[in-house]
Amino acid sequence: MRRAAGVEFVFGYGSLVPGAGGEVRRLAGVRRVLGVAMDNALDVPGYKRFVDAADGSRPAVFVAFADLVPAPAGAPPVNGVLVPVAADGLAALDARERNYDRIDVTGRIEAPPGRVWAYTGSRAGRQRFARGAAAGTVVVARAYVEAVQAGFRALGAAEHRAFLASTDFGGVPVWALERVDLPPA
């Protein structure tokens, strides 16, 4: 992967993988989990909410998304894709990834072609997940899990196996939810 002037890279390990078109890389020292959540009872202009796919009702749950956490010794690295992004694209991703903090992971990526960023759970996003887990109200949307899995399957059987080996999405109920994008304020 050649680096164009002014281009940096984002390590996609979840919802950024499907259709990203980047090159596969590994990030050492972390494990992929469901660890960030949004509060589905709140409307945030320009963001989203989820409704029950069967009846359209809006459940009062915390909806979970992928996160990176420190891995135990000997754990396999997390696979993902490097997505080239210009500076203005990083600002747009920062807004999209509002439950995350962008951190520099260049030194932990195999063969980085330049500066590499990853989005890891923000303190608030992780606290929402913890509150939902404690109350038994954290869920993950089936469509989200299926899209992430499909993204890794599209990278080939070996990458899908590597995804499964470096991921722990267990313990969170999977619900049939539909995403509804909210208009800006």
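Overview of the structure.

Cut-offs and rules
Residues numbered from 1 in each chain as written. Predicted model: local features only at pLDDT ≥ 70, side-chain atom pairs only at ≥ 80, totals over all residues. Heavy atoms only, no water. Pairing = 2+ DSSP bridges. Helix = DSSP H or I, 4+ residues; strand = E, 2+ residues; numbered from the N terminus. Contact = heavy atoms within 4.5 Å. Axes fitted to C-alpha atoms, helices over the stretch in contact; angles between N-to-C directions. Buried < 20%, exposed > 50% of the residue type's maximum accessible area, 1.4 Å probe, protein only. Core = buried A, V, L, I, M, F, W, Y, C linked by side-chain atoms within 4.5 Å. Expected span 1.5 Å × (residues − 1). Arc of directions from axis to C-beta.

Considerations on the sheet that holds strand 11 (residues 174–175)
(1) Moving on: Spatially, 10-3-5-9-11 is the arrangement adopted by the five strands of the open sheet, whose pairing is mixed. This sheet does not close on itself; its edge strands, each paired only once, are strand 10 (167–168) and strand 11.
(2) Moving on: Sheet strands touched by helix 3 (residues 142–154): strand 3 (30–39), strand 5 (62–70), strand 9 (138–141) and strand 11. Its angle to strand 9, the strand with the most contacts, is close to 50°.

Regarding the sheet that holds strand 2 (residues 23–27)
(1) Moving on: One open sheet holds the five strands; their spatial order is 2-6-1-8-7, and the pairing between them is mixed. Two strands close off the open sheet at either side, each with one partner strand: strand 2 and strand 7 (100–104). If you compare each strand with its neighbour and ignore which way they point, the axes differ by 40° on average.
(2) Moving on: The pairing of strand 2 with strand 6 (residues 78–86) spans five bridges and is antiparallel. Following the sheet pairing, L27 is matched in strand 6 by V78.

Some details on the pairing of strand 1 (residues 7–12)
(1) Moving on: Judged by how many residues are buried, strand 1 sits mostly within the fold: six of six residues are covered.
(2) Moving on: Two elements, strand 1 and strand 6, share six bridges in a ladder whose sense is antiparallel. In the sheet register, V10 faces strand 6, and the bridge partner there is V83.
(3) Moving on: Here strand 1 pairs with strand 8 (residues 116–121) via two bridges, running parallel. Note that in strand 8 the partner of V10 across the bridge is W117.

What to know about the nonpolar core
(1) Moving on: With 48 residues, the main nonpolar core has F11, L34 and Y144 as its most contacted residues.
(2) Moving on: Of all the secondary structure elements, the ones that give two or more residues to this core are strand 1, strand 3, strand 5, strand 6, helix 1 (87–96), strand 8, strand 9 and helix 3.
(3) Moving on: When residues of this core are assigned to their parent elements, the largest contribution, six residues, is made by strand 5.
(4) Moving on: L34 has contacts with A64, F65, A66, F129, V140, Y144, D168, F169 and V172, leaving out every residue within four places of it along the chain.

Some thoughts on helix 3
(1) Moving on: Taking 1.5 Å of rise per residue, 13 residues should cover 18 Å, and helix 3 covers 18 Å from first to last C-alpha, within 8% of that figure.
(2) Moving on: Turning to helix 3, its buried residues number three or more, namely Y144, V145, V148, Q149, G151 and F152. The buried residues of helix 3 occupy an angular sector of 155° when projected down its axis, which confines them to one face.
(3) Moving on: At the exit of helix 3 stands G156, carrying a positive phi of roughly 115°.

Description of the environment of A185
(1) Moving on: Structurally, A185 is set in the segment after strand 12 (177–181).
(2) Moving on: Sequence separation of A185 and G46 is 139 residues, and the distance between their C-alpha atoms is 6.8 Å.

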